[in-house]
Amino acid sequence: MSIDAIKTVAVLGAGTMGNGIAHVFARAGFSVILRDVEQRFLDRGMQTISGNLDREIKKGKLAEAEKPKVLARIAPTADGAALAKADFCVEAVPENRELKLRVLKEADATLRPGVILASNTSSISITELAAATSRPDRFLGMHFMNPVPVMMLVEVIRGMQTSDDAYATTMELCKKLEKTPVAVNDAPGFVSNRVLMPMINEAAYCVMEGVATAQAVDDVMKLGMNHPMGPLTLADLIGLDVCLDIMEVLYAGFADSKYRPCPLLRKMVAAGWLGRKSGRGFYSYQD
Ligand SMILES: NC(=O)c1ccc[n+]([C@@H]2O[C@H](COP(=O)([O-])OP(=O)(O)OC[C@H]3O[C@@H](n4cnc5c(N)ncnc54)[C@H](O)[C@@H]3O)[C@@H](O)[C@H]2O)c1
């Protein structure tokens, strides 16, 4: 499908990433079908979008009169059949292989044949997800960063069978969203998590081995490397369970001991210390 024919975009999942993806498409003028399984998840997603639009208005990034127009372009629905009207589709359901395969097969059966189907997966092989559909040539990864309305990057991941056409259309589409697409081939962790997660893992090793405290590790990376936040603060923000899961994907995917998850990370996840969301990780968030 040519870029100019894309007017309506379906987003599967109204959670953290899905509502952000719906937000940026609607802000760029696309009609959005926002699909989730229950009305309460849709309501929560729409509320988040409304709050994030307010933030953009406060920062002077969006005119106040635009807000109702952006919201009106988003049609929340719990009905999977609504996808039949979409010209492009982005999947952002939870990072679970079986769930993703099921959701993608259902979407594939409903979407029109020419429509490109993209997954926002952080770690599952794009080639494998693509092969579960009838459109592996029109399937690719569109890895948005959190928070979606703020972060510039979209990692565009080509599966083994992704066509040049689908790839070129998706790169153009990212530009219409005022994002910067970066082309990456399918490999465990893509580029973003393959580089980021081993750094976080190594930071956890430094703490485990008593080389430095979490605060000291973060200070070194912030003050010495100009990172806006230290790796362990970032790990707490992402969720230590998510970090561990991605290390496991790298470790299994490359069968290379350099990706072995840090035992301290495993122990913290086992203890339920998942970072900000559980109130405790490398730092405490009890207040
Ligand atoms: N959170 C992040 O920082 C981040 C960053 C980049 C990529 N990702 C990836 O984005 C994807 C989504 O992550 P998230 O953090 O937004 O998850 P989330 O749990 O916040 O949201 C997922 C949403 O999908 C909905 N859902 C479940 N089954 C569904 C179905 N059958 N059809 C439609 N919706 C369904 C859930 O109800 C939920 O609202 C994952 O693949 C994740 O790896 C997440």
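Scroll up a little and you will see the structure.
Quantities reported herein were computed from a predicted structural model and do not represent experimental measurements.

Enquirer: Report on the packing of helix 7 (residues 192-208) against helix 9 (residues 231-238), specifying residues and quantitative values.
Expert: In the contact formed by helix 7 and helix 9, the axes pass within 9 Å of each other and the chain directions differ by 115°. The angle between helix 7 and helix 9 places the two elements in the roughly perpendicular class. Crossing hand, helix 7 versus helix 9: left-handed. Between helix 7 and helix 9, the contacting residues are L196, M197, M199, I200, A203, A204 and V207 on the first element and P231, L232, L234, A235 and I238 on the second. Here the contact of helix 7 with helix 9 is composed, by residue class, of 12 nonpolar, no polar and no charged.

Enquirer: Provide a residue-level description of the site of the ligand, including the pertinent values.
Expert: As a matter of local geometry, the ligand sits amid 22 residues, with M17, D36, E95, K100 and S122 nearest to it. Between the ligand and E95 there is a distance of 2.4 Å, counted from an oxygen atom to a side-chain nitrogen or oxygen. Take N146: an N or O atom from its side chain is 3.2 Å from an oxygen atom of the ligand. A total of 840 Å² of accessible area belongs to the ligand in isolation, and the protein chains cover 80% of it. Only helix 1 (16-27), helix 2 (39-58), helix 4 (97-110) and strand 6 (139-144) provide two or more residues apiece to the shell around the ligand. When grouped by side-chain class, the residues that make up the shell around the ligand number nine nonpolar, eight polar and five charged.

The rules behind each value
Residues numbered from 1 in each chain as written. Predicted model: local features only at pLDDT ≥ 70, side-chain atom pairs only at ≥ 80, totals over all residues. Heavy atoms only, no water. Axes fitted to C-alpha atoms, helices over the stretch in contact; angles between N-to-C directions. Helix = DSSP H or I, 4+ residues; strand = E, 2+ residues; numbered from the N terminus. Parallel < 35°, antiparallel > 145°, perpendicular 65-115°, else oblique. Left-handed = near helix turned anticlockwise from the far one by under 90°. Contact = heavy atoms within 4.5 Å. Nonpolar A, V, L, I, M, F, W, Y, C, P; charged D, E, K, R; others polar. Near = heavy atom within 4 Å. Polar contact = N/O pair within 3.5 Å; in protein donor to acceptor, adjacent residues only side chain to side chain. Areas by Shrake-Rupley, 256 points an atom, 1.4 Å probe, with all protein chains shown as cover.

Any functional reading would require information that these geometric values do not contain.
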